[in-house]
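Commentary on secondary and tertiary structure
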Amino acid sequence: MQVLGIETSCDETAAAVVAADATSAGPGAILSNVVLSQIEKHQAFGGVVPEIAARAHVEALDGIVAAALGDAATELADIDGIAVTAGPGLIGGVIVGVMTAKALAFATGKPLIAVNHLEGHALTARLTDGVHFPFLLFLVSGGHSQILLVRGLGDYERWGTTIDDAIGEAFDKTAKLLDLGFPGGPAVERAAADGDAGRFELPRPLLNRAGLDMSFAGLKTAVRLAAERHSPLDRRAVSDLCAGFQEAIADILAHRLERAIAHYRSHYAGSAPTIVLAGGVAANQVLGARLDAVASEAGAHLIVPPQNLCTDNAAMIAWAGAERLARGQDDGLGFAPRSRWPLDETAAPVLGHGKHGVKV
Ligand code: KG4
Ligand code: ZN
């Protein structure tokens, strides 16, 4: 089974073709994975400008789809289904992807699957590693930071969420404050590499509170205040601040992971979970190594998909579509794009939950 995926919910115009067997339990094969980043178009603004993003998707998407089919040495006629991100995300971009996918489905008569972008991130580890349900998901990105129990396809229970900023957003804002450019995550990680994490004392918000919710706004403010106190910052101070910030995030996530593993064990008769770290922030090597150590210590197993599949891409959308197509889903032409679309629709809405896409 071959599925074409289309992703336009933030600032990457992406198309991919993946192949799955009839059960779609994974792993699958990525036949092509084309990602055009718009970063240069947004750089001057220090964040993604929704109008510019939508226009850039319109200009590029046809060519990106053609490239994905070409790279996979296949053609539309041989595709079994089309999967498109139908939300959550910046609505202008989502509309561009959905209308393009509907046109392709209408012209070819192929099934069309409306994919939740967050489910794309969630199921990536099934595409790459064939991870079985249930598993624990740490979804950490520019627009969302959530801890979820993934019981099955479309079956999510939110155990924790940020109550304010997403982690990637905190990285991006810290980078902006320190003039490190956009996107901030990789820049902060680079600057932190030779920094002294112990030089600045930074808070670990909510750490003493029960449950699995997280907060990063106070940390961001503390970084700003420290930067103001030590202004003008030399290169050393910038590195030290970045290292301190990154370590605070690592401490918060490590603590939440320990607690989530214990919670999982109490749910599933003591058995250890597989934990999947997904979303753009999962590309951070320091955070990944720290969480890996915590998981091993607790007798659990952490899986982090390769970096290019952690950040936004269409292979993950094609894969989520393949899993749904294998179960007979076809959403036809009638569905609407959604700017908000939480994975666990029963969980109480919280700022930062079910949101996707960083706006200036
Ligand atoms: O999943 P993604 O590509 O887009 C969203 O769905 O938001 O994630 C992008 C986010 C950005 O906030 C970016 O700064 C962050 O992921 N990110 C990182 C790293 N690479 C990307 N954060 C920390 N460390 C990194 N190495
Ligand atoms: Zn994403």
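Placed above this text is the structure.
The structure displayed is predicted, hence computed values, not measured ones.

A few points about helix α4 (residues 117-129)
The end-to-end C-alpha distance of α4 is 19 Å, a good match for the 18 Å that 13 residues give at a rise of 1.5 Å each. By the largest-angle criterion, Leu 123 marks the main kink of α4, which is about 40 degrees. The buried fraction of α4 is high, at eleven of 13 residues. One or two positions beyond α4, positive phi appears at Gly 130, with a value near 65 degrees.

Here we look at the coordination of the zinc ion (ligand 2)
Note on the zinc ion (ligand 2): its protein donors are His 117 (NE2), His 121 (NE2) and Asp 312 (OD). The metal-donor distances range over 2.1 to 2.2 Å. Each of the four donor atoms bound to the zinc ion (ligand 2) contributes to angles spanning 90 to 140 degrees, and the resulting shape is irregular. For the zinc ion (ligand 2), the donor residues sit on a single chain with the sequence spacing H-x3-H-x190-D. Note that His 117 and His 121 are positioned in helix α4 at a spacing of four residues, about one turn of the helix. Pair check on accessibility: His 117 and His 121 agree, each one buried.

What about the packing of helix α5 (residues 167-177) against helix α6 (residues 184-192)?
For the pair α5 and α6, the least separation of the axes is 7 Å and the interaxial angle reads 65 degrees. On the basis of the axis angle, α5 is roughly perpendicular to α6. Viewed along their axes, α5 and α6 form a crossing whose handedness is left-handed. In this structure, α5 uses Phe 171, Asp 172, Thr 174 and Ala 175 to contact α6, whose residues at the interface are Gly 184, Gly 185 and Val 188. The residue makeup of the contact of α5 with α6, split by class, is three nonpolar, three polar and one charged.

Examining the packing of aromatic side chains
For the structure shown, the criterion picks out three aromatic pairs. Arranged with centres 5.9 Å apart and planes meeting at 10 degrees, the rings of Phe 133 and Phe 135 form a pair that is stacked. For the pair Phe 171 and Phe 245, a centre-to-centre distance of 4.9 Å together with 80 degrees between the ring planes defines the contact as edge-to-face. Of this pair, Phe 171 sits in helix α5 while Phe 245 sits in helix α8 (residues 235-267); the two residues are 74 residues apart in sequence, bridging distant segments of the chain. Sitting above the plane of the Phe 335 ring, Lys 102 keeps its charged end 4.7 Å from the centroid.

Some points on the environment of Ile 52
Along the chain, the position of Ile 52 falls in helix α2 (residues 50-71). Ile 52 sits 40 residues away from Gly 92 along the chain, and the two C-alpha atoms are 9.5 Å apart. Ignoring sequence-local partners within four residues, the contact set of Ile 52 consists of Lys 41, His 42 and Phe 45.

Some points on the sheet that holds strand β9 (residues 274-278)
Read from one edge to the other, the open sheet built from five strands follows the order β8-β7-β6-β9-β10, with strand pairing classed as mixed. A strand with exactly one partner marks an edge of an open sheet, and here the two such strands are β8 (155-161) and β10 (301-303). Geometrically, the sheet is characterised by an average inter-axis angle of 25 degrees between neighbouring strands, direction not taken into account. The sheet contact formed by strand β6 (residues 135-140) and strand β7 (residues 145-152) spans six bridges and is antiparallel. Note on β7: the bridge partner recorded for Val 140 is Ser 145. Lying over the sheet, α4 contacts β6, β7, β8, β9 and β10, oriented at roughly 125 degrees with respect to β6.

Here we look at the sheet that holds strand β4 (residues 81-87)
If you trace the five strands from one edge of the open sheet to the other, you get β3-β2-β1-β4-β5, paired in mixed fashion. The sheet terminates laterally at β3 (29-37) and β5 (112-116), the two strands that pair on one side only. Between one strand axis and the next, the sheet turns through 20 degrees on average, direction left out of account. Strand contacts of α2: β1 (2-7), β2 (12-19) and β3, with the helix running at about 25 degrees to β2, the strand carrying the most contacts. In the packing of helix α11 (residues 315-326) onto the sheet, contacts are made with β1, β2, β3, β4 and β5, and the angle to β1 comes to roughly 130 degrees.

Definitions and cut-offs
- Residues numbered from 1 in each chain as written.
- Chains lettered and ligands numbered in written order.
- Predicted model: local features only at pLDDT ≥ 70, side-chain atom pairs only at ≥ 80, totals over all residues.
- Heavy atoms only, no water.
- Helix = DSSP H or I, 4+ residues; strand = E, 2+ residues; numbered from the N terminus.
- Expected span 1.5 Å × (residues − 1).
- Bend = angle between axes of the 7 residues up to and from the residue.
- Buried < 20%, exposed > 50% of the residue type's maximum accessible area, 1.4 Å probe, protein only.
- Donors = N, O, S within 2.8 Å, 3.2 Å for Na, K, Ca; no water.
- Tetrahedral: all angles 85-135°; square planar, octahedral: opposite > 155°, others 65-115°.
- Axes fitted to C-alpha atoms, helices over the stretch in contact; angles between N-to-C directions.
- Parallel < 35°, antiparallel > 145°, perpendicular 65-115°, else oblique.
- Left-handed = near helix turned anticlockwise from the far one by under 90°.
- Contact = heavy atoms within 4.5 Å.
- Nonpolar A, V, L, I, M, F, W, Y, C, P; charged D, E, K, R; others polar.
- Phe/Tyr/Trp six-rings, centres within 6.5 Å; stacked < 30°, edge-to-face > 60°.
- Lys NZ or Arg CZ within 6 Å of the ring centre and 35° of its normal.
- Pairing = 2+ DSSP bridges.

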